[in-house]
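# Overview (structure and organization)
Chain by chain, the residues:
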Amino acid sequence: MNPITKPHSRMTMKKIATLAVLAAASAASFAQSSVTLFGIADATVQVGRGSTDNNVGLGSGGLSTSRIGFRGVEDLGGGLKAGFWLEAGYTLNNGNGQNSNALAFTRRSTVSLMGDSWGEIRLGRDFTAPYNNLYDAFGDNGVGNILETQDLGLAYGLQTRTSNAVSYFTPKTLGGFFGQVQYYRNGRSQSLASNQDQYGNGYGVRVGYENGPISVGVAYGKSDYAVGTTPAFTGTVDSKTMNFGGSYDFGVAKLLVSVGQDEGEGAGLDAKTRLYTVGTTVPVGAGLIRASWTRASQRDSELRADKFAVGYVHNLSKRTALYTTFAYLKNKDGSNLALNGSTTGAGDSSKGLDIGLRHAF
């Protein structure tokens, strides 16, 4: 044997072993963390009919809100994980951001620490606890979505999202029981130029039970915000929201029910609006039939509206679906709500139709 070959072979084997260890460590590192790009592209033809004016156009989000986002989880060991979630909404028909021309992560932007035994602590912009407690057959999307307090022209009511939030979610090991506690400062957009720290603060709580076919929950939220702009500042409104909801899956159909009340007090305002909704979803082959009735009514006023909606979703695949929804809205007295960009007179009715295509990725 050549005396020079033996040391060289040993060196080569050492290099191979070192590379193998590094490769294994790298693979383990990648296995412990993951990043996912996800999104939805949803376009819908919208038709609206009212007693004053009609509208036809192309819109976005008739079945699911169009969005794009990134989420990831890292396994820190010992049952501890870290995660992030960045999600931006957009309008597919024109490519703009959901709330402005710029694309921004206003749907959700959070970072979390999670443990199987103790739950999750989540920081950032997210859904409010009362909004998480809505049980709606149409998922609060499209012409069939539930009516809300803001639809009756009031500046307070159910808050969908909040910024600057600290939330705690219980683990999924409590025999079906779950809970959420949330606190935020300056979470609601403010119009007051000074003393900003005094306004836009609030909290929310949600508790419930989910096991098999049944899911029930109750939630409460409170926030304060400024009314008017400086120097025409007119005071502070305390907004309170409470809702109760549930669903039961019978197999052939799922029943969903929600009851809620929004109350605003302060700055000369003292009003309550109540919400009632009953819906159902019925699987039919590769499709899903959806139907709901919703009523929003304001106490001590002549504002009330009822909406009836029915729709069908046909799944072409796990990610792509065709859908259509028809809704009829009946106003009472001073209410003049209208569907899909149409306008209608006080006490008159409105009709709306969505026909669209959704693709998830």
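Residues numbered from 1 in each chain as written. Predicted model: local features only at pLDDT ≥ 70, side-chain atom pairs only at ≥ 80, totals over all residues. Heavy atoms only, no water.

### Description of empty space enclosed by the protein
In total, this model carries two cavities of 30 Å³ or more according to the counting rule given. By volume, the largest cavity amounts to about 100 Å³. Along its surface, the largest cavity is lined by 17 residues, and Pro130, Gln159, Tyr184, Gly221 and Lys222 are the ones closest to its centre. (1 Å grid on protein atoms, 1.4 Å probe; cavity = no way out; pocket = protein on both sides within 12 Å on 5 of 7 lines; lining within 4 Å. Points joined across faces, edges and corners; volume = space filled by probe spheres on them.)

### Notes on the side chain of Arg206
Tracing the sequence through the fold places Arg206 in strand S10 (residues 202–211). Nearest to the buried, unbridged Arg206 among oppositely charged side chains is Glu210, at 6.1 Å. A distance of 2.9 Å separates a polar atom in the side chain of Arg206 from a polar atom in the side chain of Asn133. When sequence neighbours within four positions are dropped, the list of residues in contact with Arg206 reads Ala129, Asn132, Asn133, Tyr135, Phe178, Gly179, Gln180, Val218 and Ala219. (Helix = DSSP H or I, 4+ residues; strand = E, 2+ residues; numbered from the N terminus. Buried < 20%, exposed > 50% of the residue type's maximum accessible area, 1.4 Å probe, protein only. Lys, Arg positive; Asp, Glu negative; His and termini not counted. Salt bridge = Lys/Arg side-chain N within 4 Å of Asp/Glu carboxyl O. Polar contact = N/O pair within 3.5 Å; in protein donor to acceptor, adjacent residues only side chain to side chain. Contact = heavy atoms within 4.5 Å.)

### Quick look at the packing of aromatic side chains
Scanning the model with the defined rule gives five aromatic pairs in all. Centre to centre, the rings of Phe38 and Trp85 are 5.5 Å apart; their planes meet at 65 degrees, and the pair counts as edge-to-face. Residue Phe38 is located in strand S1 (residues 33–50), and its partner Trp85 is located in strand S4 (residues 80–91); the two are separated by 47 residues in the primary sequence. Here Phe38 falls in the buried class, since its relative accessible area comes to 9%. Overall, the relative accessible area of 24% leaves Trp85 in the partly exposed class. (Phe/Tyr/Trp six-rings, centres within 6.5 Å; stacked < 30°, edge-to-face > 60°.)

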